[in-house]
Every structure is written in structure tokens, then in C-alpha cells.
Amino acid sequence: MAVSLSKGQKVDLTKTNPGLSKVIVGLGWDTNKYDGGNDFDLDASVFLLDSNGKCASDKDFVFYNQTEGGGGSVVHTGDNRTGEGAGDDEQVKVNLKDVPSTVEKVSFVITIHDAEARNQNFGQVSNAFVRIVSEDSNEELIRYDLGEDFSIETAIIVGELYRHNGEWKFSAVGSGYEGGLARIASDFGLQVG
């Protein structure tokens, strides 16, 4: 039975699931019907952060054009350009045991591709969620449904895996940003074009 989280809640992942090392982080969303004339393309991205909350290099940014990070411990399984259908729209596989010791936090972000040019924002997105599944058993362990708390934002930090006393925990963040991926990347010490 999955633990369902609300914004701001934190939960143990490895302590309550001994032996867990390989997880799949599934991210999903639906777009509301609107007549903007452009397709919605939402993207999942991952930032591997050090103890200062920054990426040590561009290699710590995982997305559809750079699908691996952390020495192969974090793998983005590919871009979904439509978000059609039920279930996860994009997935990231994380091998917790292999995440480099310099990485304290793995931050999961959903952004809207070309949001400003297409005049799109998260007010037009519904049913966004993040969930953590055991890769071995395919059991859903944690789920966070983001709700409809967003309007003008074009990027959301949905959740974070982080180390605490040698164990991995998950935090339901749910923080929205204007300025899209570039804004979040710069907060994490990177420049993206």
C-alpha cells in the first residue's frame, strides 16, 4: 500500500523498505482542454545536488537530451511529448546504492517546453503526480498528487530524494516557479539555454 503524501511532507524510503535500492520515479500529468492551438509538451528533469544544493557540473542535470547522470545511477527513460493516456508519462530510474556519495539530493522537476512562446502554464495542467515504485517488485511505495495549486508557473519542483543519516527519504515539495527550466537550473548553479 503506497504512502500518500501532501505538500511539505517527508517520508522514509529505505528505512521502511529494507534492501530497497532500485526505484522508478514516475511522473504524470493531464492537460486541460483549451484552445491555444499548441500541443503541450511537459518534460521531467532531474538535478543531482551536492551538500550546497547545487549541481557540481552539467553532468548532474538529467533530461531527455542527457538521459544519464551520477555515473549511470540515474537514468531518464525518454521523452513523452503528449502526456496522453493513464499512468506515468515519463520515468526516471534511480539506483540508490550507486548514487555518488557527493550527491545529497536528487530533485525532480516538471517543466512545460516552450511555455512562454506557447503561452502555456501549469494552470492548464491537472492531475500532476509523482510516485516512487520499487523496480524489483513493481510495488508503488510513495505517491504525491500535486493538486491544482498552480496558475502562472511554468516549472515545478515536484519532489526530492535525499540522504539523511545514511538512509534515503522522499520530500513532497510542490514548489512552482515562473521562468521555466532556466530559472530552476540557475538556482541549482547551472545555465541552460
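Details of the structure are given in the entry above.
Residues numbered from 1 in each chain as written. Predicted model: local features only at pLDDT ≥ 70, side-chain atom pairs only at ≥ 80, totals over all residues. Heavy atoms only, no water.

Q: Please clarify how the environment of Trp168 should be interpreted in this entry.
A: Of note, Trp168 is situated in strand S13 (residues 167-177). Beyond its immediate stretch of four places on either side in the chain, Trp168 contacts Asp12, Leu13, Thr14, Leu96, Val99, Val103, Glu104, Val106, Leu161, Tyr162 and Arg163. (Helix = DSSP H or I, 4+ residues; strand = E, 2+ residues; numbered from the N terminus. Contact = heavy atoms within 4.5 Å.)

Q: Quick question: what am I supposed to make of the nonpolar core here?
A: One broad trend across soluble globular proteins is that nonpolar side chains are buried collectively. Core analysis: the biggest nonpolar cluster contains 41 residues, and Leu13, Leu27, Val94, Phe108 and Leu161 have the highest contact counts within it. Excluding its chain neighbours within four sequence positions, the residues that come into contact with Phe108 are Val25, Leu27, Ser45, Val46, Val92, Val94, Ile156, Ile157, Val158, Gly159 and Leu161. With 14 residues, the next largest nonpolar core counts Cys55, Val109, Ala155 and Ile184 among its residues. (Core = buried A, V, L, I, M, F, W, Y, C linked by side-chain atoms within 4.5 Å. Buried < 20%, exposed > 50% of the residue type's maximum accessible area, 1.4 Å probe, protein only.)

Q: Looking at this model, I keep getting lost on the environment of Ser6. Mind explaining?
A: Here Ser6 is to be found in the loop between strand S1 (3-5) and strand S2 (10-12). The exposure class assigned to Ser6 is partly exposed, which follows from its relative accessible area of 43%. Between the alpha carbons of Ser6 and Ser21 there is a distance of 24 Å; along the sequence they are 15 residues apart. Once residues lying within four places of it in the same chain are set aside, the contact partners of Ser6 are Tyr144 and Ala172.

Q: How should I be thinking about the sheet that holds strand S3 (residues 22-31) in this particular structure?
A: What links the strands of a sheet is backbone hydrogen bonding, and the strands pair in either a parallel or an antiparallel sense. Here seven strands make up an open sheet; going across it, the order is S1-S11-S10-S3-S8-S7-S6 and the pairing mixed. Edge positions in the sheet fall to S1 and strand S6 (68-69), since each of these pairs with one other strand and no more. Where S3 meets strand S8 (residues 90-95), six bridges bridge the pair, whose relative direction is antiparallel. Along S8, the bridge assignment pairs Lys22 with Asn95. (Pairing = 2+ DSSP bridges.)

Q: I'm lost on the packing of aromatic side chains in this one. Help?
A: Each aromatic ring pair is characterised by the separation of its centres together with the angle its planes make. Evaluated as defined, the whole model comprises five aromatic pairs. Considering the side-chain rings of Phe61 and Phe63, the 4.4 Å spacing of their centres and the 10° angle between planes classify their relative orientation as stacked. Of the two residues, Phe61 and Phe63, neither departs from the other in class, the shared state being buried. Taken together, Phe47, Phe61, Phe63, Tyr64 and Phe188 form an aromatic cluster joined through their ring pairs. (Phe/Tyr/Trp six-rings, centres within 6.5 Å; stacked < 30°, edge-to-face > 60°.)

Q: Help me out: how do you make sense of empty space enclosed by the protein in this one?
A: Over the atoms a probe the size of a water molecule is rolled, and this reveals where empty space is left. Scanning the model with the defined rule gives one cavity of 30 Å³ or more in all. Within this model, the largest cavity holds a volume of roughly 40 Å³. Around the largest cavity, the lining residues are Phe122, Val125, Ser126, Ala128, Gly147, Glu148, Asp149, Phe150 and Ile156. Considering every element that reaches the lining of the largest cavity, the biggest residue donor is strand S10 (residues 125-134), with three residues. Its residues placed into classes, the lining of the largest cavity shows five nonpolar, two polar and two charged. (1 Å grid on protein atoms, 1.4 Å probe; cavity = no way out; pocket = protein on both sides within 12 Å on 5 of 7 lines; lining within 4 Å. Points joined across faces, edges and corners; volume = space filled by probe spheres on them. Nonpolar A, V, L, I, M, F, W, Y, C, P; charged D, E, K, R; others polar.)

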